[in-house]
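Examination of the molecular architecture
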Amino acid sequence: MADGSDPLKIDWCARAVKLRRVEEALLSGEMVTEARFGEDMTRYANASLAEVQRALNEAIRNCQIARGEKPARTRYAISGRMRPY
């Protein structure tokens, strides 16, 4: 597909914008569904905040790469605390 209309290609920047809106809606409580059964009430969320944030971070990183920017490194350092073993 030389014209760039590959249907499987992902626009990471547009995806990051959408995921940011979902994250904001989750944080503000807009994406919570309530169900009442007499006196009992249950709340359901459509998406997990951790999953949305993980996908958002991936989309932001891929968007930066697509723009030619160098994304910040993610470090997972071991803490300096003494271990009991």
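Our subject is the structure that appears above.
The structure presented is a predicted model; accordingly, all values stated were derived computationally and were not measured.

In this section: helix α1 (residues 12-28). Compared with an ideal rise of 1.5 Å per residue, which puts 17 residues at 24 Å, α1 spans 24 Å between its outermost C-alpha atoms and is within 8% of the ideal. Taken together, the buried positions of α1 are occupied by A16, L19, E23, A25 and L26. Residues of α1 that are buried sit in contact with α2 (49-66). G29 sits one or two residues past α1 and shows a positive phi near 85 degrees.

A few words on α2. For α2, which comprises 18 residues, the first-to-last C-alpha distance of 25 Å matches the rise-based estimate of 26 Å (1.5 Å per residue) to within 8%. Of all the residues in α2, the buried ones are V52, L56, A59 and C63. Relative to the axis of α2, the buried residues are bounded by an arc of 65 degrees and lie together on one face. Along α2, the residues that are exposed and aim more than 90 degrees away from the buried face are E51, R54 and N57. Summarising the contacts, the buried residues of α2 are in contact with α1. Downstream of α2 by a residue or two, G68 has a phi angle that is positive, lying close to 90 degrees.

The next thing to look at is the pattern of salt bridges. On inspection of all chains with the given rule, the structure shows two salt bridges. Residues E23 and R20 are paired through a salt bridge, measuring 2.9 Å at the closest nitrogen-oxygen approach. Highlighted residues: E23 and R20, both in helix α1, separated by three residues, approximately one helical turn. A relative accessible area of 9% places E23 in the buried class. You can call R20 partly exposed: its relative accessible area is 36%. The partner of E69 in a salt bridge is R67, with the nearest N and O atoms 3.9 Å apart. Owing to a relative accessible area of 39%, E69 belongs among the partly exposed residues under this scheme.

So, about the state of the cysteines. Scanning all chains against the criterion turns up one disulfide. The residue that forms a disulfide with C13 is C63, at a sulfur-sulfur distance of 1.9 Å. Residues C13 and C63 are joined through a disulfide that is right-handed, its torsion about the S-S bond being 90 degrees. Placement of the pair is C13 in helix α1 and C63 in helix α2, with a sequence separation of 50 residues. You can call C63 buried: its relative accessible area is 7%.

Cut-off values and rules
Residues numbered from 1 in each chain as written. Predicted model: local features only at pLDDT ≥ 70, side-chain atom pairs only at ≥ 80, totals over all residues. Heavy atoms only, no water. Helix = DSSP H or I, 4+ residues; strand = E, 2+ residues; numbered from the N terminus. Expected span 1.5 Å × (residues − 1). Buried < 20%, exposed > 50% of the residue type's maximum accessible area, 1.4 Å probe, protein only. Contact = heavy atoms within 4.5 Å. Arc of directions from axis to C-beta. Salt bridge = Lys/Arg side-chain N within 4 Å of Asp/Glu carboxyl O. Disulfide = S-S within 2.5 Å.

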